[in-house]
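Geometric and topological summary
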Amino acid sequence: MLKYIDTPVTEIHDELFLTAGVRVFIKHEELNHPTVAGNKWWKLKYNLERATTLNHDTLLTFGGAFSNHIYSTAAAANELGLKSIGVIRGEETLPLNETLTFAKACGMHLTYVSREAYRTKTQKEFVDQLTAQFGNFYLIPEGGTNTLAVNGCAEFAREKLPSDFDYVCLPVGTGGTISGIIVGLDGAKEIVGISVLKGGEFLKDEIKKLVWDFSQKEYSNWTLQTAYHFGGYGKKTDDLTRFIERMQEKHSIRLDFVYTGKLLAGIYDLIEKGFYKKGSRILMLHTGGLR
Ligand SMILES: *Cc1c(COP(=O)(O)O)cnc(C)c1O
């Protein structure tokens, strides 16, 4: 089992919240582990358990050169004494960036595939080819999202979220984490996802499917906000950069620009627009992404 550190909840004090009649809290899940840190801890938990039960000694997974999932998987494999292989989208660029330098230092073997080949990564031929090359491995999909990941995030929602809040808000990349939160809360609270992808509407169907596959239930206590992508995945605007700097200076809150910066910027805007009911307690889930 990976180490797990229990994480605090803190409140953000801002005049805007007083006028709007809401309170805003952060669940600091970015502090749950020194390196695996964040929602990826929960997405990996049952995948690691399954891999060990099946006696695998190697994890294989996929991601872009800046992927937090690659970073976390490399760290987790290292801690558990497993080998790991990272199939990276695109050509190798030297010097390696921080993510890949770290992954390599954790012992992850990096292999690069063209963008065209990467698109076929869920097909049998591609996986067979990887098996021919590397032997047996436990495969974790891109972003770590599968039903075992949903199971881990559901456990997080049941056991680690505080109970005194009305809304929980979190960033959405593949939809694995929010799906787990939805099933874990089992109809309680309102769940608000902020898509970090441009054109994130398709994620609503992904989330419905992940929730259904796991629980055979449909829930209506969640929404997905698609207007806070700031240009798309991994992109940022000057407004977003200024917002992140302001949060750091004024409130000592550390945010990344891919996920949690967009999340909190979205929460602020939704408060200004009167989205949340007056008198409510809003919980931001800090999902990590800091180095
Ligand atoms: C991966 C990641 C997400 C997105 O999680 P999904 O389960 O893919 O929706 C959100 N925040 C951070 C910091 C992440 O690294």
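Residues numbered from 1 in each chain as written. Predicted model: local features only at pLDDT ≥ 70, side-chain atom pairs only at ≥ 80, totals over all residues. Heavy atoms only, no water.

Regarding the pairing of strand E5 (residues 109-113)
Side-chain positions along a regular strand alternate between the two faces of the sheet. Sheet analysis places strand E4 (residues 83-89) next to E5, joined by 5 bridges and oriented parallel. What sits directly across from Ile-88, in E5, is Tyr-112. The β-α-β motif built from E4, the intervening helix H4 (residues 98-105) and the parallel element E5 has right-handed crossover chirality. (Pairing = 2+ DSSP bridges. Helix = DSSP H or I, 4+ residues; strand = E, 2+ residues; numbered from the N terminus. Right-handed = clockwise from strand over helix to strand, strands pointing away.)

Notes on the sheet that holds strand E8 (residues 190-195)
Strand order in the open sheet made by the 6 strands is E1-E2-E10-E7-E8-E9, with mixed pairing throughout. Edge positions in the sheet fall to strand E1 (9-12) and strand E9 (222-225), since each of these pairs with one other strand and no more. Pairwise comparison of adjacent strand axes, ignoring direction, gives a mean angle of 25° for this sheet. In this structure, strand E7 (residues 167-172) lies alongside strand E10 (residues 281-285), joined through 3 bridges in parallel fashion. Looking at E10, one finds that Val-168 is bridged to Leu-283. (Axes fitted to C-alpha atoms, helices over the stretch in contact; angles between N-to-C directions.)

A look at the pattern of salt bridges
Opposite charge on two side chains lets them pair, provided their charged atoms get close. Applying the stated criterion to the full structure yields 14 salt bridges. For Glu-11, the salt bridge is made with Arg-23, and the minimal N-O distance between the two is 2.8 Å. Here Glu-11 is found in strand E1, whereas its partner Arg-23 is found in strand E2 (residues 23-27), with 12 residues between them in sequence. Here Glu-11 falls in the partly exposed class, since its relative accessible area comes to 25%. Between Asp-164 and Arg-281 there is a salt bridge; the shortest N-O distance is 3.3 Å. Taken as a pair, Asp-164 in the loop between helix H7 (147-159) and E7 and Arg-281 in strand E10 lie far apart in primary sequence, 117 residues in all. Its relative accessible area of 45% is what places Asp-164 among the partly exposed residues. When its relative accessible area of 24% is taken as the criterion, Arg-281 is described as partly exposed. (Salt bridge = Lys/Arg side-chain N within 4 Å of Asp/Glu carboxyl O. Buried < 20%, exposed > 50% of the residue type's maximum accessible area, 1.4 Å probe, protein only.)

As for the layout of surface pockets
Here the second largest pocket defines a volume of roughly 200 Å³. Lining the second largest pocket, in full, are Phe-230, Asp-239, Leu-240, Phe-243, Arg-246, Ala-265, Tyr-268, Asp-269 and Glu-272. Of all elements in the fold, only helix H10 (238-251) and helix H11 (260-272) reach the threshold of two or more residues within the lining of the second largest pocket. Grouping the constituent residues of the lining of the second largest pocket by class yields 5 nonpolar, no polar and 4 charged. (1 Å grid on protein atoms, 1.4 Å probe; cavity = no way out; pocket = protein on both sides within 12 Å on 5 of 7 lines; lining within 4 Å. Points joined across faces, edges and corners; volume = space filled by probe spheres on them. Nonpolar A, V, L, I, M, F, W, Y, C, P; charged D, E, K, R; others polar.)

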